[in-house]
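Structural description and commentary
The chain contents come next:
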Amino acid sequence: NPLIHPETLWYPDADGDGYGDANDPGAAQCEAPSDTHTLDNTDCSDIAIELNPETTWYLDSDGDSYGDIATPGVTQCNPPTADYTLNQTDCDDANPLIHPLSVWYPDSDSDGYGDLSATGVTQCEAPPGPHSLDNTDCDDNRFETNPGAPEYCNSIDDNCNSNIDEGAAVDATMW
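In short, a report on the structure.

Conventions used here
- Residues numbered from 1 in each chain as written.
- Predicted model: local features only at pLDDT ≥ 70, side-chain atom pairs only at ≥ 80, totals over all residues.
- Heavy atoms only, no water.
- Helix = DSSP H or I, 4+ residues; strand = E, 2+ residues; numbered from the N terminus.
- Rg over C-alpha atoms; globule rule 2.2 N^0.38 Å.
- Buried < 20%, exposed > 50% of the residue type's maximum accessible area, 1.4 Å probe, protein only.
- Contact = heavy atoms within 4.5 Å.
- Salt bridge = Lys/Arg side-chain N within 4 Å of Asp/Glu carboxyl O.
- Disulfide = S-S within 2.5 Å.
- Pairing = 2+ DSSP bridges.

Each helix and strand in the protein was counted, giving zero helices and nine strands. Taking 16 Å as the expected radius of gyration for a compact globule of 175 residues, we find that the protein reaches 28 Å, considerably beyond that expectation. Overall size of the protein, expressed as C-alpha extent along the three principal axes, is 95 × 30 × 25 Å. Scored against the burial criterion, the 175 residues of the protein give a buried share of 30%. A fraction of 40% describes how many contacts in the protein between residues 6 or more apart in sequence connect residues 24 or more apart.

Below you can see the structure in the form of structure tokens.
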């Protein structure tokens, strides 16, 4: 191998990514001092295996740490700007609430608030039927009962705050 001779410089590769520490002067010798050395000294971070000259960054327009699946990546050591991330798994890069770890809750009454007692489903897109990313509806069978509802004098916790008829000025039975 013409690259290996007594003056060959070997660079430490602490993170094992195949790229040696750019800040180390290297050790000149025929053989690598150990198995954690390489002939390359272009690593941008020798303590993070995911950061090297072949790192691909993806645009994250909504700031949720998930990159846009429809945008090609940029390959370089550091992110081009703060709105780039290491993954390309966002299913809706315009909405920071929708990503691969979004939890969807059944919303039987379709009021935009999911069932407080239901188990959610973790996935990018809402399952079939009405679902919500919010699980604060204390009565998912009544459209009029949810955390955004006004409180009425009707012996029901209309706004899901665990209080009944607090501060209500209107008697709902009059409607």
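To continue, consider the pattern of salt bridges. All told, the structure shown has one salt bridge when counted by the stated rule. R142 is the partner of E144 in a salt bridge, and the nearest nitrogen-oxygen pair spans 3.9 Å. Overall, R142 belongs to the partly exposed group, its relative accessible area being 27%.

Counted under the stated rule, the structure contains three disulfides. With its sulfur 2.3 Å from that of its partner, C44 forms a disulfide with C77. Disulfide C44-C77: torsion about the S-S bond near -90°, hence left-handed. Placement of C44 in the loop between strand 3 (37-38) and strand 4 (56-59) and of C77 in the loop between strand 5 (74-75) and strand 6 (84-85) is noted, with a sequence separation of 33 residues between them. On the basis of relative accessibility, which here comes to 30%, the residue C44 falls in the partly exposed class. Two residues share a disulfide in this structure: C91 and C124, whose sulfurs sit 2.2 Å from each other. Because the sign of the S-S torsion sets the handedness, a value of about -95° for the bond joining C91 and C124 places this disulfide among the left-handed ones. With a gap of 33 residues between them, C91 in the loop between strand 6 and strand 7 (103-106) and C124 in the loop between strand 8 (121-122) and strand 9 (131-132) connect regions that are remote in the sequence. Look at C91 and you get partly exposed, because its relative accessible area is 28%.

Bridge count between strand 7 and strand 8: two bridges; the pairing is antiparallel. Across the sheet, W104 pairs through a bridge with V121, a residue of strand 8. Across two bridges, strand 7 lies against strand 9 in antiparallel orientation. The partner of P106 across the bridge, within strand 9, is H131.

Here T89 shows up in the loop between strand 6 and strand 7. Sequence-distant contacts of T89, defined by excluding residues within four places in its chain, comprise Y66, G67, I69, P100 and C124.

Let us now look at the sheet that holds strand 8. An order of 8-7-9 is seen for the three strands of this open sheet, with the pairing classed as antiparallel. Whereas interior strands pair on both sides, the edge strands pair on one side only; in this sheet they are strand 8 and strand 9.

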